[in-house]
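Letter by letter, the chains look like this.
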Amino acid sequence: MRKSNIFLPAGRILRFIFIGLFFLLNLMVVPSLAVEPEEILCLSLEAQFQVDAEGIKETQVYRQEENYIIRAKIIYRKPDFSYILYLAPPMIKGRRILDNGKLRIEYIPGMNNPKHSSSLNSSLARKRREKSLNLILANYTISQLPDEDIAGREVYVISLVPQYPGSPGLKRWIDKETFLPLKQERYNSEGKLTFSSQFTEIHFGKKISEEELNDIPESVKDKGFLPRHQVVSDIEELKEISRFPLSFPKYLPSGYSFQEGVLLNGGKRVALIYTNGLETIVLFQGPPINLKIQGGREMPFGTKFRTDKGKTFVLIANISEEELTKIMESIE
Amino acid sequence: MVCKKIRKELSSYLDNELSLNKRVKIEKHLKRCTNCSYRLEQLKKIHTLTQKALGREPKQGFYERLFPRLEEGEKRVGLKEKLFEWRYNWRLSLSPVGKMAVTISVLAIISLSLLYIWRSVSLPEINIEVFQQEYVRYNGMSSFAEELALPVILEIK
């Protein structure tokens with residue numbers, strides 16, 4: 001007992017030194033562990049598949065004629081379940097989108113015309129995400145802005161500024177804890193805000209009951225769904241399997257590259273898809289058609305078409321009119 | 001061109017003022033040219049009528065003056081007369097095989113034109129929204145897409 005009493009002060013001193021060293025080490029190490037904006041962005045792409053969360057999200061669509069708000073309840077459940085229930089505007093209220101990791105089903109209860117497509121967590125979608133991220137790293141300057149608060153949660157603010165003029169821009173507010181994007185602003189090629197999405201409320205870790213998720217009518221469930229269209233990532237393979245000689249644009253805006261080709265209607269028509277990581281340019285081509293055009297609605301993208309060389313071309317992208325014309329004129 | 005020359009000589013031919021060589025040439029031509037034969041018939045009628053009416057030979061050069069007048073009159077012929085003449089010529093000038101060939105060619109041209117018009121009119125009609133929906137679908141696969149707005153963007157008016 002006595003002995004220990006003698007060494008007690010020395011032990012305390014040593015303990016203080018160790019604690020001091022520990023904090024000092026932490027102070028040196030923590031800054032080097034700070035997450036880079038590129039990494040935050042990358043983590044945000046997969047975050048929705050790694051959370052249990054429920055919230056209300058609003059998207060404001062900015063148009064020249066009139067702005068409008070879309071509101072929906074969103075549920076995410078690990079590993080790859082998501083559910084969207086539209087609440088407003090009235091014309092789309094009640095519509096649902098369900099993604100069960102295999103399929104994405106858009107439906108309206110009571111209506112028997114669901115739309116089936118591949119899940120956002122399908123291998124094809126994952127490949128697209130990977131390619132998009134690589135292109136974004138090449139075509140955009142990614143920077144981190146001062147942290148903010150969204151829906152009561154601390155967020156990183158990541159800005160994507162295009163390196164090439166004429167490309168759209170993006171700003172993302174990413175939850176610090178889960179990396180789920182809680183807010184996003186999208187800008188067109190002129191830097192004008194076109195979309196703004198934000199969770200007005202969000203609750204993490206909430207277990208959603210099976211009952212709540214099983215309100216899918218039998219009529220819209222997967223009944224041996226087969227993808228409608230064949231997707232080909234290799235341009236040479238696409239040329240080989242296409243039913244007709246394909247025409248390609250000689251001109252593309254800077255930063256864009258071929259993503260994939262899609263054989264529509266059993267190969268009767270082909271869609272060539274180009275991307276810069278954020279925006280997509282789609283060129284459809286096939287036998288001549290009479291294109292029925294309904295005017296009067298302002299679209300968030302431009303459309304150009306022409307019938308030439310025994311084919312009808314339809315070009316759609318959210319880029320300037322001038323760029324669309326240049327691409328269309330360069331098709332050979 | 002041959003007809004024009006022959007027609008100029010027709011009045012002299014009627015008056016027996018031509019050499020034998022020329023007469024043979026004109027008669028050869030008249031055998032195969034219905035137009036000139038028709039013209040000769042007209043001249044003959046005029047010749048007979050004038051002889052009957054006047055009871056004497058016309059003055060020298062009468063036919064030379066008459067001929068340009070007749071030509072002028074021909075220019076004033078109406079569409080109806082022209083069509084009649086065309087039908088008359090058509091009946092007489094072509095062999096049955098030639099007529100058939102011309103008929104088939106005309107029918108073929110008309111049929112091909114109609115087919116071309118029909119094809120251009122009957123091209124399949126596709127609404128531009130079909131392509132816009134596909135575009136929206138491809139964009140919807142992007143992680144940066146507006147997950148709420150894109151699926152309904154074409155429906156909100």
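If you're wondering where the values come from, they're calculated on a predicted model, not measured in any experiment.

1. Let's talk about the overall build of chain A
Across its full length, chain A holds six helices and 18 strands. With 332 residues in all, chain A has 48% of them scored as buried. Taking as baseline every contact in chain A between residues at least 6 positions apart, the subset at least 24 positions apart corresponds to 47%.

2. As for the interface of chain A and chain B
Facing the 66 residues of chain A at the interface are 33 residues of chain B. For the pair chain A and chain B, the summed buried surface comes to about 4400 Å²; carbon and sulfur atoms form 62% of the total. Counting every contact that joins chain A to chain B gives one salt bridge. A salt bridge links Lys57(A) to Glu147(B); the nearest nitrogen and oxygen atoms lie 2.9 Å apart. Here chain A and chain B share 16 residue pairs in polar contact (both at pLDDT 80 or more) between them. Broken down by element, the residue count for the side of chain A that touches chain B peaks at five residues, all from strand β2 (residues 68-77) of chain A.

3. Focus: the confidence of the model for chain A
Segments scoring low in pLDDT should not have their predicted coordinates read at a detailed level. The predicted model of chain A has a mean per-residue pLDDT of 85, with 85% of residues at 70 or higher. At the level of individual helices and strands, chain A shows its lowest average pLDDT in helix α1 (residues 2-33) of chain A, which scores 61, and its highest in strand β8 (residues 153-162) of chain A, which scores 96.

4. Regarding the pattern of salt bridges
Side chains that differ in sign of charge can pair as their charged atoms come close. Residue and element names in this part refer to chain A. If you walk through the whole model with that rule in mind, you get 19 salt bridges over all chains. The salt bridge involving Glu-54 is made with Lys-73; its shortest N-O contact spans 3.6 Å. In this pair, Glu-54 is assigned in strand β1 (residues 53-61) and Lys-73 in strand β2, connecting sequence segments 19 residues apart. Neither Glu-54 nor Lys-73 differs from the other in exposure class; each is buried. Measuring nitrogen to oxygen at the nearest pair gives 2.3 Å for the salt bridge that ties Arg-128 to Glu-260. One end of the pair, Arg-128, is in helix α3 (residues 123-139); the other, Glu-260, is in strand β13 (residues 257-264), and 132 residues separate them in sequence. Each of Asp-147, Glu-154 and Lys-176 takes part in salt bridges that share partners, so that together they form one network.

5. Digging into the sheet that holds strand β14 (residues 269-275) of chain A
Residue and element names in this part refer to chain A. Taken in spatial order, the six strands make up an open sheet running β12-β13-β14-β15-β18-β17, and their pairing is antiparallel. The open sheet terminates on both sides in strands that have one partner only, identified here as β12 (230-232) and β17 (302-308). The mean inter-strand angle of the sheet, taken between neighbouring strand axes irrespective of direction, is 20°. In terms of strand pairing, β12 meets β13 through three bridges, oriented antiparallel. If you follow Gln-230 over to β13, its bridge partner there is Leu-263. Contacting β12, β13 and β14, α3 runs over the sheet at an angle of about 155° to β13.

6. A word on the pairing of β17(A)
Residue and element names in this part refer to chain A. As paired elements, β17 and strand β18 (residues 311-317) share seven bridges and run antiparallel to each other. Paired with Asp-308 across the bridge in β18 is Lys-311. Where β17 folds back onto β18 in an antiparallel hairpin, the turn is made up of two residues, including Lys-309, whose phi is positive at roughly 55°.

Cut-offs and rules
- Residues numbered from 1 in each chain as written.
- Chains lettered and ligands numbered in written order.
- Predicted model: local features only at pLDDT ≥ 70, side-chain atom pairs only at ≥ 80, totals over all residues.
- Heavy atoms only, no water.
- Helix = DSSP H or I, 4+ residues; strand = E, 2+ residues; numbered from the N terminus.
- Buried < 20%, exposed > 50% of the residue type's maximum accessible area, 1.4 Å probe, protein only.
- Contact = heavy atoms within 4.5 Å.
- Buried area = accessible area lost by both parts, 1.4 Å probe.
- Salt bridge = Lys/Arg side-chain N within 4 Å of Asp/Glu carboxyl O.
- Polar contact = N/O pair within 3.5 Å; in protein donor to acceptor, adjacent residues only side chain to side chain.
- pLDDT = per-residue confidence, 0-100.
- Pairing = 2+ DSSP bridges.
- Axes fitted to C-alpha atoms, helices over the stretch in contact; angles between N-to-C directions.

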